[in-house]
Amino acid sequence: MLISFNLNGKQANTDVAPDTPLLWVLRDTLGMTGTKFGCGKALCGACTVHLNGQAVRSCQTPIGSVAGQKVTTIEGLAANHAVKKAWVALDVPQCGYCQPGQMMQAAALLANVKSPSDSDIDAWMSGNICRCGTYPRIRAAIKAAAKA
Amino acid sequence: MENIKMPARRDFLKSSAAVSGGLTLGFYLPSASKAAEAQAVTHSPNAWVKIGTDNAVTIMCARSEMGQDVYTSLAMLIAEELEVDVNKVKIEFAPPAEAYINALLGGQLTGGSTSVRDAWEKLRKAGASARMMLVAAAAEKWNAKPSECKAVGGAVTGPGGKRATYGQLAEAAAKMEVPKDVPLKPTSEWKQVGNVKQKRLDTPAKVAGTAVFGIDVRVPDMLYAAVAMPPMIGGKVESFNDERAKNMPGVKAVVQFSRGVAVVADSYWQAKKAKDLLEVTWDAGPNANNDMRKVWGGLKEASNQAGAVFREAGDADGALKDAAQVYEATYELPFLSHSPMEPMNTVAHVRADGATIITPTQFQQLVPFVVAGATGLKPEQINVITTFLGGGFGRRVEVDYTIDAAEISKAVGAPVKLVWSREDDMTHDSYRPGGLYKVAMGVDAAGKLIAYRYHGTSPSISSRLFPSIVKDGVDPFSVEAIDNFPYAVVNHKLTYQMHDAGITPGYWRGVSHNQNCYVVEGFIDEVAAALGKDPIQFRIDNFEYGQEKHKWSGLSAGVAVGGRMKKVLEDVRGKSGWGSKLSGEGKGRGVAVMEGYNTVMAAVVEVTVSKNYDVQVDKVTYSIDAGPLIHPDQARAQVESCTIYGMSAALYGEITVKNGGVEQMNFDQYRVVRMNESPKVLDVHWIAAGKDQAPGGLGEPATAVVTAAIGNAIYAATGVRVRRLPFTPENIKAFADPRHTMKPKSV
C-alpha cells in the first residue's frame, strides 16, 4: 500500500504492508539507520522518534498510522539543537547505540518542560535503556541543554 | 579455538618498502586473504599510520570500539609521538592482521581491559618510529643532520627555515630504515596524552546518528534474515514446515543452517513476520529437562568435591581446627546475560571465490577461521570488516552469529544481513556463569586471622573457548580477584571446582572478578563486623604488604598490592565522608576494595533500603589507582559505565532456565538499571600515577567492586548479610531470617 508522510520536512513515499513498524520502514526501506532497533516491544526506547512533535517508539508504530503525519528522526533533529550540542559538549555517548533514542526523548522532554527537575528527568527518561550507563551524563546534558 | 593457529608473532615494526603516495611502516595485512602474499612482499600501507601526499593522516584502530573509547584513546598515544593533532586525523578500524595482535591476550581480541595496557608502549613507539623516519627523510632531503630537524604539527622543520609537510615527506620516509632505538617523550612533554579537555573523536557521528554499527550496514542487493533457533540450550532442528512462511510477501528463501532455520526476505520485517509462521520441531538435546532445581542441585553436589588447589600456604585445614573462632559462609551467584543494546547481527556475502564479513565483533582475528570452517573457503579468502559495536561486554568475543550469517549467505548465494531479535539475543547468549562459593576464616584468641579457606564451584568459560589455558583443573578466568587474595592470612587454601550446569558460560564484563570480589569483600566485611572492627581499618590492618608473585595472575598486577590498597582505602575514607552520620531511615554505607587488571580501586556506596527491601543506590565514591590516564574524561566514563552495568546485575540480574531454555526474553523480564535508578552522585577520585607506573585497565573492575560495596551497604542499612545475588527484596528478605546471621562456630 502506498503511504506518504512527512519525514524530516520532506515528503516520503513508501509501498509496504501497513502493519510494518515505522522503525523498519525508516531503516530498511528509506535507509535512515540512525533510528535503532533494541527490543521490538517498546521496552528500551532505542527506536524513539517524534510523531507530530511527540516522542513515540517507532517499533510499535505501524506505518499505516503515520500516513500524512509528521515524523522527525535523529537525522532531522537540527545539528544545532540544544540537545545535540549538549550531548557533544559532555561527550555523552559511549557505544552510542541508544543515543539517538535518548536524544529524541530528551528533545521531547525539553519541548514540554522547559526547565526539568531531576524527577522530571526520571519520569521522562526512564523508558530509555542505556547499557553503557551514560545516565549521569544524559541527566547533566539535559540540564545543560535546558539552560542553553 | 584450540584448532586455530595464530600467526607467528613478529616484530610489528618491520622494515618495509615504499608504496606510492604513502609512508609504509611495519606490517599490514589488508585482510587474512593477503596473509601469505604479504609475508613475502612488504609493499603495503603501514600497520598503524598512513600518510597521504595530501597530508591526510590516518591512524588505525586495532581494537573494537564498543563504548570504551579505544577509537580516541589509542589514537592519542600514536598522535602524541607522531607530532600530529589527534583531532585532525582520520581513524580506521584495522582488519585482522598479525601486527594487531593484543600481546596480553595472544590474539586480535578486545577484552580483559587490556587495550590501553597493551598499547601503552607499543603505540607510542609506533608513532615515534614513524616520526623519526619522517625526520630522517627531511634531513636527507636537506642534507642536514636529523638532530637539526624537528617534527611539529604534521611537518618537519630544518636549518634555514626549511619546512616540509608529512605528506611531502611520506614517500621518502617510507624508504628510511626503521629505527631500532625509539626513545619516548618524558611525561612532562606530553601535550595530548592525559589531556583533560580531549573530546571523543566518535561523538559527532554518534550524535548525528551517522555512526555505522553492524546492524546499519547496507550493501548492494542485500537480503535480510530472521531466524528460528532452538528454545533449549544445545537443541537442534529435527524438522520444519515452511509452507506458510515461504508464501509470505518478500520471502526469497527458507533455509536450514547448523542451529536453526532462517527466513530470507527483502526486508527484515518481512523476514521476521514469515519466521513467526515457521513450524519447527526441535530435538531438545542434552539439556532438555534442565531447570534451576537441577542447576543448583548440580552445583551443590559438585561443590562437595575437593576441587583443584590454585593457591596454598601453610596448613589452612589444620589451622581452622585450632582456631579460637571460625566463621563460615556460602555465597550463591546467578547466571547473567550480556544484553548489549545492539542485538547480534552480521552482514555476510559468501561467494564461490571468497567472502566479505562485516560484523560488530570483539574478535576479528577469529572470524576468517570460523567462516572458513562454515563455508569451505580458506581463511585467506575471507575479508573481515569491523564496524562500531553497539555494546560488547564480552558477548561479541563469541562469533556464533557470524558463522550463522555466513552459512545463510552461502545457502542463498546472496549478501545477507542477519538480525537477531532481542528475544534471540537474550535466549542465545553465553551467560556469566553462576556459582557456589564456600568460605571460612579462622581467628585466634587475639583476633588475628590465622586460616582462610575458599572453595569456588562454577562452570568454566575457558574450557569451552580457550581450553589450552585451563591447566590442572583451574580456569584462570574463574579465579580472578581471588588468586590475588589480598589479606595476610598465613594459612590459606584456595580451591576451584569446575562444573557444567547446562547453561553456556561466557566472558561477561569483569568475568570472575565479579563473583570473587563479592565473595572476598562480602566475607571480610562479615568478619570485621563479627570482630567489632571498622570495615576500612580492619582491611588496612590485614592486607598482605609483601611482594609475593601469584601463580594465576593472568591479567592482574601479578604481585601483592597491599600498599596500593591501603592508599585507595585511606583516600576513599576521606573523600566519601566515611564515618559521618547518614540522615534518614534505611540508609547505610558499605566499602569494597579490589585489584584487577593492575588497577586498584576502592568504592564506598550509600544506599537506602525501604521497609519492603527495595534498594536505591544514592551515592558512589571511588578512589582509584590506575596509573597514568590517557584520556581522563573517558577513563572516568568507564568507571561510570561499570558502576551502572554492575548495579543492573547486583540489584536485578538473574537468568534462569526451564525445560532446558532461558526463561527471560526481553527487558521486561531481565530488568536493568534505568535513569530513575541511576545514582544521583557518582564521584571518581584518582590517585596520582607513580613514576614510570604503567596504566591499569578500567573497562571492567568497577563492575565487581560496586556490587560488593552495595552488599556491604545493605548490611550497614539493615543488618542483613545477603549471600545470594541479586539484591532483590525476595533475597534480602530470605537472608533477614535470623538463621542466616553469621555466628562463630564453636570449636
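Everything numeric in this text was worked out from a predicted model, so none of it was measured.

### Quick notes on the overall build of chain A
A tally of helices and strands in chain A yields five helices and five strands. Computed over the C-alpha atoms, the radius of gyration of chain A is 15 Å, within 12% of the 15 Å expected from 2.2 N^0.38 for a compact globule of 148 residues. Reported as C-alpha extents along the three principal axes, the dimensions of chain A are approximately 45 × 25 × 25 Å. Across the 148 residues that make up chain A, the buried fraction comes to 59%. A separation of at least 24 residues holds for 64% of the contacts in chain A among residues at least 6 apart in sequence.

### Some details on the pairing of strand β5 (residues 155–158) of chain B
All names here are of chain B. In β5, alternate side chains face the same way, and those of V156 and G158 are buried while those of A155 and T157 on the opposite face are not. In this sheet, β5 lies alongside strand β4 (residues 150–152) in antiparallel orientation, the contact comprising three bridges. Following the sheet pairing, K150 is matched in β5 by T157. Linking β4 to β5, which pair antiparallel, is a turn of two residues; within it G153 sits at a positive phi near 55 degrees. Relative to strand β6 (residues 162–165), β5 runs antiparallel, the two sharing four bridges. Bridged to V156 within β6 is A164. Remark: three residues form the turn of the hairpin made by β5 and β6, two consecutive strands paired antiparallel; G160 in that turn has positive phi of roughly 70 degrees.

### Digging into the pairing of strand β7 (residues 223–228) of chain B
Each regular strand carries side chains that alternate between the two faces of the sheet. All names here are of chain B. Counting buried positions over the six residues of β7 gives six, a clear majority of the element. Every second residue of β7 is oriented toward a common face, with L223, A225 and V227 on one face and Y224, A226 and A228 on the other, all of them buried. Examined bridge by bridge, β7 and strand β17 (residues 416–419) share three bridges and lie parallel to one another. Residue pairing for β17: L223 is matched across the bridge by V416. One ladder, built from five bridges, connects β7 with strand β10 (residues 260–265); its direction is antiparallel. Across the sheet, A225 pairs through a bridge with V264, a residue of β10.

### Digging into the domain arrangement of chain A
Residues and elements named next belong to chain A. Along its sequence, chain A is organised into domain 1 (2–72) and domain 2 (82–147). Relative placement of domain 1 and domain 2: their C-alpha centres are 21 Å apart. With 14 residues of domain 1 at the interface, the matching set in domain 2 holds 11 residues. Where the side of domain 1 that touches domain 2 is concerned, the elements lending two or more residues are β3 (48–51) and β4 (54–57). At three residues, β3 tops the list of elements feeding residues into the side of domain 1 that touches domain 2. Split into classes, the residues belonging to the side of domain 1 that touches domain 2 amount to five nonpolar, eight polar and one charged.

### Brief notes about helix α15 (residues 535–542) of chain B
Each α-helix turn comprises 3.6 residues. Residues three or four places apart therefore point the same way. Buried within α15 of chain B we find P535, I536 and R539 of chain B. On an axial view of α15 of chain B, the arc spanned by its buried residues comes to 100 degrees, and they lie on one face.

### Quick look at the nonpolar core
Residue and element names in this part refer to chain B. Formed by 284 residues in total, the largest nonpolar core has its most connected members in A225, V263, A603 and I714. Top contributing element to this core by residue count: helix α3 (residues 115–142), with 13 residues. Discounting residues that sit within four places of it in the chain, A603 has contacts with V591, A592, V620, T621, Y622, A702, V705, V706 and A709.

### Regarding the interface of chain B and chain A
If you look at the interface, chain B gives 50 residues, while chain A gives 44 residues. Take the side of chain B that touches chain A: its biggest share by element is seven residues, from helix α17 (residues 632–651) of chain B.

### Some thoughts on helix α4 (residues 118–125) of chain A
Residue and element names in this part refer to chain A. Listing the buried residues of α4 in full gives I121, W124 and M125. Buried positions in α4, seen along its axis, are confined to an arc of 80 degrees and lie on one side of it. Where α4 is buried, its residues touch α3 (99–112) and α5 (135–147).

### Some thoughts on the sheet that holds β5 of chain B
Residue and element names in this part refer to chain B. Pairing is antiparallel in the open sheet, where three strands are placed in the order β4-β5-β6. Across the chains shown, the open sheet's two edge strands, defined by having one partner strand only, are β4 and β6. Adjacent strand axes in the sheet meet at a mean angle of 25 degrees, parallel and antiparallel pairs treated alike. Across the sheet, α3 touches β4, β5 and β6, and the angle it forms with β5 is around 40 degrees. In this fold helix α4 (residues 166–174) packs onto β5 and β6, with an angle of close to 80 degrees to the strand it touches most, β6.

About the cut-offs
- Residues numbered from 1 in each chain as written.
- Chains lettered and ligands numbered in written order.
- Predicted model: local features only at pLDDT ≥ 70, side-chain atom pairs only at ≥ 80, totals over all residues.
- Helix = DSSP H or I, 4+ residues; strand = E, 2+ residues; numbered from the N terminus.
- Rg over C-alpha atoms; globule rule 2.2 N^0.38 Å.
- Buried ≥ 20, exposed ≤ 12 C-beta atoms within 10 Å, placed from the backbone.
- Contact = placed C-beta atoms within 7 Å.
- Pairing = 2+ DSSP bridges.
- Domains from an automatic or database assignment.
- Nonpolar A, V, L, I, M, F, W, Y, C, P; charged D, E, K, R; others polar.
- Arc of directions from axis to C-beta.
- Core = buried A, V, L, I, M, F, W, Y, C linked by C-beta atoms within 7 Å.
- Axes fitted to C-alpha atoms, helices over the stretch in contact; angles between N-to-C directions.

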